[in-house]
Amino acid sequence: MKNVCFFISVKFWGGGSKLHLEHALEFKKKGYNVFFVGNKKGETLQRAMANGLEVFHITGGNRAFLNPFKVSRLVRFYKKNNIDTVAFSNSEDVKLAGIAAKIAKVDKIVYLRGLATTIKYSLLNRFLFSNILTHIVANSEATKQTILKNLHTFLNEDKVKVIYHGIDVNDLNYERKLNEIPSESEKIILGNAGRITAQKGHDKLIEIAKELKDKKLNFILYIAGVGEDEPKIKSLIEEYQLQNEVMMLGFVKDMEAFMNSIDVFLLTSLWEGFGYVIVEAMIKSKPVVAYNMSSNPEIISENKTGYLINYPEISDFADKVSLLSKDKKLRESMGNTARQSVINRFELEERITEFEEYLLNN
């Protein structure tokens, strides 16, 4: 394994994009020849170029693999650069990047699956998982189980390797704060971050905020993120008259400063392949309250680093937030335990080394 290609065609910046860029940069440090393939208008490719990675532009899409010109162009790229390993995480890229890699006789064709949603038992998927992919990596046990749910009849459980998404625990800045979040001496500062989509359950988050206001808790909830559900969530904020309690910040680039600026992190997602944003909060010594869904219990230790709430409970969720908000010592204790948990289990270099060793030995 010498020439490694990371392929991501989506334009938006998300967990899969971050995972790819981090792996590419770490593999480059390890001495591999690293190539980055993606949409030239995408945020990920722009960051890859800014970090000095060699890039190749191509647009993807669900039907891109049916375009013979795109496939042949990608095949030529693989062959010209002697690519021996290609990795991708977007389900659409499995088709284009994977099929082209098979034609180019790339040795290792790796799917980094980050979605904890079931995969259709279709003829195309059976072909891809049986004949194209050589390595399948799930970012949590929850994700692994969703891969196997419909495909277990022909996909051996041992072929799916669980490797958690790591985070850089070194060189952290605990002082830098987000300008949009002023320090409050009396109000507790709650935070939530993620794309404003149905998956993230922001409607439940606003209901929890309403419950906290009804409980007379002195708080401000800051929501970082953009997405198609923004109008709906803004409408709910107005309907519940929470304009003074809930602030939508839009896209926040400096997530480290955001986490430094809050006291408690809340996550109301319906599912998470791997709740990276939880880890981002925990490494900053923030306790987390989240629903007991998908991979969340793999990250959060109940009553130690945060609280796991049965979905779709609103009152219990609000009660735990209120408890943490009123007890500074409890917040500090849980926060310190959360930070140590991340250091012990999700250190970036260790997780990428685990990924490297898996590829080298299988």
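If you're wondering where the values come from, they're calculated on a predicted model, not measured in any experiment.

Q: It is not clear to me how the pattern of salt bridges should be interpreted in this structure. Could you clarify?
A: When the charged atoms of two side chains with opposite charge come close together, those side chains can pair. In the structure shown here, the tally under the stated rule is 17 salt bridges. Across the pair Lys161 and Glu354 runs a salt bridge, and its minimum N-O distance is 3.9 Å. Of this pair, Lys161 sits in strand 7 (residues 160-162) while Glu354 sits in helix 14 (residues 348-361), and the two are 193 residues apart along the sequence. Lys161 gets classed as partly exposed once you look at its relative accessible area, which sits at 29%. For Glu354, a relative accessible area of 23% translates into the label partly exposed. Bridged by salt links that share partners, the residues Lys161, Glu350, Arg351 and Glu354 form one connected network.

Q: Looking at this structure, how should I read helix 5 (residues 123-132)?
A: Residues spaced three or four apart along an α-helix face the same direction, because each turn holds 3.6 residues. Turning to helix 5, its buried residues are Asn125, Leu128, Phe129 and Ile132. Buried residues of helix 5 fall within an arc of 115° about the axis and therefore sit on the same side. Packing partners of the buried residues in helix 5 comprise helix 4 (91-103), strand 5 (108-113), strand 6 (135-138) and helix 6 (141-151).

Q: What is the right way to look at the packing of aromatic side chains in this model?
A: Aromatic rings considered in pairs are described by the distance between their centres and by the relative angle of their planes. For the coordinates displayed, the defined rule picks out 14 aromatic pairs. Centre to centre, the rings of Tyr121 and Phe154 are 6.2 Å apart; their planes meet at 50°, and the pair counts as tilted. In this pair, Tyr121 is assigned in the loop between strand 5 and helix 5 and Phe154 in the loop between helix 6 and strand 7, connecting sequence segments 33 residues apart. The class for Phe154 is partly exposed, based on a relative accessible area of 27%. Taking the centre distance of 5.1 Å and the plane angle of 65° together, the rings of Tyr291 and Phe317 count as edge-to-face. Taken together, the residues Tyr291 in strand 12 (residues 288-291) and Phe317 in helix 12 (residues 315-326) connect sequence positions 26 residues apart. Grouping aromatic residues by their ring pairs yields a cluster made of Phe6, Phe27, Tyr32 and Phe355. One cation-aromatic arrangement involves Lys210 over Tyr240; the distance from NZ or CZ to the ring centre is 5.7 Å.

Q: It is not clear to me how unusual backbone geometry should be interpreted in this structure. Could you clarify?
A: Negative phi values dominate among residues other than glycine, just as trans dominates among peptide bonds. Each neighbour pair has its own omega, and for Tyr311 with Pro312 the value is 5°, a cis peptide bond. Examined against the element boundaries, Pro312 turns out to sit in the loop between strand 13 (306-309) and helix 12. Of note in this structure, Asp171 is not a glycine but carries a positive phi near 55°. With respect to the helices, strands and loops of the structure, Asp171 is situated in the loop between strand 7 and strand 8 (188-193). Given the relative accessible area of 79%, Asp171 is considered exposed. Despite not being glycine, Ser294 shows a phi value in the positive range, around 40°.

Q: Help me out: how do you make sense of the packing of helix 12 against helix 13 (residues 328-345) in this one?
A: Geometrically, a packed helix pair is captured by the angle between its two axes and the distance between the axes. Put simply, helix 12 and helix 13 touch, their axes get as near as 5 Å, and they point 100° apart. Our classification of the angle between helix 12 and helix 13 gives roughly perpendicular. Of helix 13, the residues touching helix 12 (which contributes Leu323, Leu324, Ser325 and Lys326) are Lys328, Leu330, Arg331 and Met334.

Q: So what exactly am I meant to see when it comes to the sheet that holds strand 11 (residues 264-267) here?
A: The strands making up a sheet associate through backbone hydrogen bonding, with each pair oriented either parallel or antiparallel. Taking strand neighbours across the sheet as the criterion, the six strands line up as 10-9-8-11-12-13 in an open arrangement whose pairing is parallel. In this open sheet, the two strands that pair with only one neighbour each are strand 10 (246-250) and strand 13. Taken over all neighbouring pairs, the strand axes of this sheet differ in orientation by 20° on average, direction set aside.

Q: I would appreciate a short explanation of the nonpolar core in the present structure.
A: For soluble globular proteins, nonpolar side chains are generally found buried alongside one another. Within the largest apolar cluster, 38 residues are counted, with the highest numbers of intra-cluster contacts made by Phe7, Leu74, Phe77, Tyr78, Val86, Phe88 and Phe129. Here this core gets six residues from one element, more than from any other, and that element is helix 4. Ignoring sequence-local partners within four residues, the contact set of Phe7 consists of His20, Val37, Ile58, Leu74, Tyr78, Val86, Ala87, Phe88, Ser89, Asp93, Leu96 and Ala97. Membership of the second largest hydrophobic core comes to 33 residues, among which are Tyr222, Ala257, Tyr276 and Ile300.

Q: Before we go on, may I ask you to explain the layout of surface pockets in this structure?
A: The probe, sized like a water molecule, is rolled over the atoms to show the empty space still left. Taken as a whole, the second largest pocket spans an internal volume of roughly 350 Å³. Around the second largest pocket, the lining is made up of 17 residues, and of these Asn260, Ile262, Asp263, Lys286 and Arg331 lie nearest the centre. With three residues, the top contributor of residues to the lining of the second largest pocket is helix 13. The class makeup of the residues in the lining of the second largest pocket is four nonpolar, four polar and nine charged.

Q: Before we go on, may I ask you to explain the pairing of strand 1 (residues 3-8) in this structure?
A: Side-chain positions along a regular strand alternate between the two faces of the sheet. With six of its six residues buried, strand 1 lies for the most part within the structure. Here strand 1 shows a buried face lined by Asn3, Cys5 and Phe7 and a second buried face lined by Val4, Phe6 and Ile8. As paired strands, strand 1 and strand 2 (residues 33-38) are joined by six bridges and run parallel to one another. Pairing of Val4 across the sheet is with Val34, part of strand 2. Regarding topology, helix 1 (residues 15-29) serves as the crossover connection from strand 1 to the parallel strand 2, and that connection is right-handed. Taken together, the four bridges between strand 1 and strand 4 (residues 85-88) define a ladder with parallel strand orientation. The partner of Phe7 across the bridge, within strand 4, is Phe88.

About the criteria used
Residues numbered from 1 in each chain as written. Predicted model: local features only at pLDDT ≥ 70, side-chain atom pairs only at ≥ 80, totals over all residues. Heavy atoms only, no water. Salt bridge = Lys/Arg side-chain N within 4 Å of Asp/Glu carboxyl O. Helix = DSSP H or I, 4+ residues; strand = E, 2+ residues; numbered from the N terminus. Buried < 20%, exposed > 50% of the residue type's maximum accessible area, 1.4 Å probe, protein only. Arc of directions from axis to C-beta. Contact = heavy atoms within 4.5 Å. Phe/Tyr/Trp six-rings, centres within 6.5 Å; stacked < 30°, edge-to-face > 60°. Lys NZ or Arg CZ within 6 Å of the ring centre and 35° of its normal. Axes fitted to C-alpha atoms, helices over the stretch in contact; angles between N-to-C directions. Parallel < 35°, antiparallel > 145°, perpendicular 65-115°, else oblique. Pairing = 2+ DSSP bridges. Core = buried A, V, L, I, M, F, W, Y, C linked by side-chain atoms within 4.5 Å. 1 Å grid on protein atoms, 1.4 Å probe; cavity = no way out; pocket = protein on both sides within 12 Å on 5 of 7 lines; lining within 4 Å. Points joined across faces, edges and corners; volume = space filled by probe spheres on them. Nonpolar A, V, L, I, M, F, W, Y, C, P; charged D, E, K, R; others polar. Right-handed = clockwise from strand over helix to strand, strands pointing away.

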